[in-house]
Each structure stands twice: as structure tokens, then as C-alpha cells.
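# Descriptive structure summary
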Amino acid sequence: MILVTNLSRQAIGWPLLTQSSTLDTIAQYRADEMCDGDISHAGFVPAVRLLDPNYITMGENIAKGFSSAQAIEAAFMNSPEHRDNILSILYNTIGVGMCGKVVVVEYGMQ
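A brief structural summary. Here the structure is a predicted model, which means the values were calculated and not measured. (Residues numbered from 1 in each chain as written. Predicted model: local features only at pLDDT ≥ 70, side-chain atom pairs only at ≥ 80, totals over all residues. Heavy atoms only, no water.)

Mapped onto the elements of the fold, T93 is located in strand β3 (residues 93-99). The buried category is assigned to T93, whose relative accessible area is 9%. If sequence neighbours within four positions are ignored, T93 has contacts with L17, T18, S20, L23, Y55, E106, Y107, G108 and M109. (Helix = DSSP H or I, 4+ residues; strand = E, 2+ residues; numbered from the N terminus. Buried < 20%, exposed > 50% of the residue type's maximum accessible area, 1.4 Å probe, protein only. Contact = heavy atoms within 4.5 Å.)

If you want it as C-alpha cells, here you go:
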């Protein structure tokens with residue numbers, strides 16, 4: 001996911017995102033929460049604030065049921081809200097978590 005996200009950013013000349021272990025931890029926590037149920041953004045901001053209050057801006061994309069990172073990225077890029085997260089100049093870090101068919105991508109800036 002990090003590679004395909006950065007390819008999308010690179011295509012428009014934006015800086016690449018760097019992997020954040022904090023955001024990886026948050027993304028994995030969020031993926032585990034939704035692994036066997038519905039997907040939802042509920043609980044996103046409190047999870048981030050608890051692990052690292054230094055993040056000043058954050059975004060979250062969630063996917064379920066896709067077979068590849070490329071398929072997820074294509075779906076995200078076809079959704080204005082998800083695309084905005086991927087291409088936001090406000091973000092400089094990224095984290096990814098997976099559980100079953102759930103993929104959570106967290107974006108942030110410290």
C-alpha cells in the first residue's frame with residue numbers, strides 16, 4: 001500500500017510519504033477492530049491521540065474485500081474523499097494495518 005500510494009503522489013509531483021511505526025500500530029489496531037465486522041471510521045481520532053498526541057493532522061482510508069494493493073488504490077483514487085487523503089500535501093507519514101480482508105491506511109503529519 002505504501003508503494004502504490006507513493007506512486008500516486010509521485011505522479012503529481014507531491015513528496016513521498018514515509019512509513020511511521022506509530023501509524024502502523026494505529027492502523028493495525030484499527031484493522032483488528034474491524035476484522036470480523038463492519039468497517040467504520042468511528043474511534044479513529046481517539047486511537048491516534050492516545051498513541052501519539054504530536055500528530056497535528058490525520059486521515060484514514062479503509063478497504064475491505066479487495067485482492068491486491070493496486071485494486072485498493074484504484075478504488076481509493078476513484079473516491080474523492082479517499083483520493084484527498086492520498087494526495088493531501090498536509091500528510092508526510094503513512095501507516096498500514098491488515099486483518100483478513102480489511103486494510104486500514106493511516107495518514108498523518110507530526
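Further notes follow.
In this section: the packing of aromatic side chains. The description of two aromatic rings rests on the distance between their centres and on the angle between their planes. Tallied over the full model, the rule gives one aromatic pair. Taken together, a centroid distance of 5.8 Å and an interplanar angle of 25° make the contact between Y91 and Y107 stacked. Here Y107 lies in strand β4 (residues 102-109) and Y91 lies in the loop between α5 (80-87) and β3, a separation of 16 residues in the sequence. With a relative accessible area of 7%, Y91 lands in the buried category. (Phe/Tyr/Trp six-rings, centres within 6.5 Å; stacked < 30°, edge-to-face > 60°.)

Strand order across the open sheet formed by four strands is β1-β3-β4-β2, with mixed pairing between neighbours. Looking at the sheet topology across the chains shown, the edges are occupied by β1 (18-19) and β2 (57-64). Summarising the sheet, β2 and β4 pair through eight bridges and their orientation is antiparallel. For I62, the partnering residue across the bridge sits in β4 and is V104. Strands in contact with helix α2 (residues 21-34) are β1, β2, β3 and β4; relative to β3, the strand with the most contacts, it is inclined by about 30°. With respect to the sheet, α5 is in contact with β2 and β4, its orientation differing from that of β2 by roughly 130°. (Pairing = 2+ DSSP bridges. Axes fitted to C-alpha atoms, helices over the stretch in contact; angles between N-to-C directions.)

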